[in-house]
Amino acid sequence: MQAPTDTKPRWERRKDARPQELLAAALELFVDRGFAATRLEDVARAAGVSKGTLYLYFENKQDLFKAVVRDTIVQTIGQAESDAAAAQDMPSDELLRQMLRTWWTQVGATKVAGLAKLMMAESGNFPELAQFYNEEVIERGSRLLTGILERGVARGEFRPLDPVMMTNVLIAPVLTLMMWKHSFFPCETHEGVDADAFMETFLGLVQQGLAPQK
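Quick caveat, the model's predicted, so the values are computed rather than measured. (Residues numbered from 1 in each chain as written. Predicted model: local features only at pLDDT ≥ 70, side-chain atom pairs only at ≥ 80, totals over all residues. Heavy atoms only, no water.)

Caption draft 1: Layout of the overall build of the protein chain. The secondary structure content of the protein chain amounts to 9 helices and 0 strands. Mapped from its N terminus to its C terminus, the protein chain presents α and β elements in the order α-α-α-α-α-α-α-α-α. For the protein chain, buried positions account for 39% of its 214 residues. When contacts within the protein chain are restricted to residue pairs at least 6 apart in sequence, long-range pairs at least 24 apart make up 73% of them. Element-wise, carbon and sulfur atoms account for 54% of the exposed surface of the protein chain, whose accessible area totals about 12200 Å². (Helix = DSSP H or I, 4+ residues; strand = E, 2+ residues; numbered from the N terminus. Buried < 20%, exposed > 50% of the residue type's maximum accessible area, 1.4 Å probe, protein only. Contact = heavy atoms within 4.5 Å. Areas by Shrake-Rupley, 256 points an atom, 1.4 Å probe, with all protein chains shown as cover.)

Here it is in structure tokens:
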């Protein structure tokens, strides 16, 4: 039997793919150049379309940046929220480890991590984007981790602790590793930090530090 084929005209298939092509090109340029230095015409050129075509999908550069963040980081957080809600029977330490590991593999170890570096460097010049990033990424991700910590304490799986403060403690090393990866590793002439080994060491310390006292 002959396999089914896509009967859409080539131009129509191309049109359907354009938003994702634009987002992929924008991610590369935002991370490599920063927000201020990225021009919409360069994004369009990298995606193989005209600047006018880009405006059919995104109103301006801020709108494009928000779409990139939502397509990458926010989507990862949303999936993590769904996974956590469906894992009520999973031990809290295992769930927390899974969430942190997933964040690293899907965000921290990828090009997407450069968006966090971008926001740290340019948020002062673009307060609207800073507020957007804080609400949709930082606050939402923090709530997820805090909720897991609260659950673990309530179940006696974690020692008594301040969940909000511990959330900050958990985020800081992962954020530092992300900055190392995108700020220092590409410039080092010697062997850099093994990011996977760093994460395993960190997660081991987290598990020991949160364990209830016997």
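Caption draft 2: Region of interest: the packing of aromatic side chains. Summed over the entire model, instances satisfying the criterion amount to 5 aromatic pairs. Consider the rings of Phe35 and Phe65, whose centres lie 5.6 Å apart with planes at 80°: the pair is edge-to-face. One end of the pair, Phe35, is in the loop between helix H1 (10-33) and helix H2 (40-47); the other, Phe65, is in helix H4 (residues 61-85), and 30 residues separate them in sequence. You'll find Phe35 and Phe65 in the same group, each marked buried. By relative accessible area, which is 1% here, Phe35 ends up buried. One aromatic cluster is present, formed by Phe30, Phe35, Phe65 and Phe126 through successive ring pairs. (Phe/Tyr/Trp six-rings, centres within 6.5 Å; stacked < 30°, edge-to-face > 60°.)

Caption draft 3: Up close: the pattern of salt bridges. Tallying each qualifying case throughout the model produces 12 salt bridges. Salt-bridge contacts for Asp42 lead to Arg39; the nearest nitrogen and oxygen are separated by 2.9 Å. A relative accessible area of 9% means that Asp42 is categorised as buried. Residue class for Arg39 comes out partly exposed when judged on its relative accessible area of 42%. Between Glu41 and Lys51 there is a salt bridge, with the nearest N and O atoms lying 3.3 Å from each other. Taken together, the residues Glu41 in helix H2 and Lys51 in helix H3 (residues 51-57) connect sequence positions 10 residues apart. Classification of Glu41 by relative accessible area gives partly exposed; the value is 28%. (Salt bridge = Lys/Arg side-chain N within 4 Å of Asp/Glu carboxyl O.)

Caption draft 4: A look at helix H9 (residues 195-210). When the terminal C-alpha atoms of H9 are compared, their 22 Å separation across 16 residues agrees well with the 22 Å that a helix rising 1.5 Å per residue should span. Along H9, the positions that sit buried rather than exposed are Ala195, Met199, Phe202, Leu203, Val206 and Leu210. Along the axis of H9, the buried residues cluster in a sector spanning 100°; they form a single face. Turned more than 90 degrees away from the buried face of H9, the exposed residues are Thr201, Leu205 and Gln208. For H9, the side-chain oxygen to backbone nitrogen distance between the N-cap and Asp196 is 3.1 Å, and the N-cap itself is Asp194. (Expected span 1.5 Å × (residues − 1). Arc of directions from axis to C-beta. Polar contact = N/O pair within 3.5 Å; in protein donor to acceptor, adjacent residues only side chain to side chain.)

Caption draft 5: Examining the UniProt feature "DNA-binding region" (unreviewed entry) in the protein chain more closely. If you check UniProt for "DNA-binding region" (unreviewed entry), the listed places come out as residues 39-58 in our numbering. Summarising residues 39-58: 75% helix, 0% strand, and an end-to-end C-alpha distance of 13 Å. (UniProt positions renumbered as here; feature names shortened; annotations may be inferred.)

Caption draft 6: A look at the environment of Thr53. Structurally, the position occupied by Thr53 is in helix H3. For Thr53, a relative accessible area of 13% translates into the label buried. When the C-alpha atoms of Thr53 and Leu22 are compared, they prove to be 9.9 Å apart, with 31 residues separating the residues in sequence.

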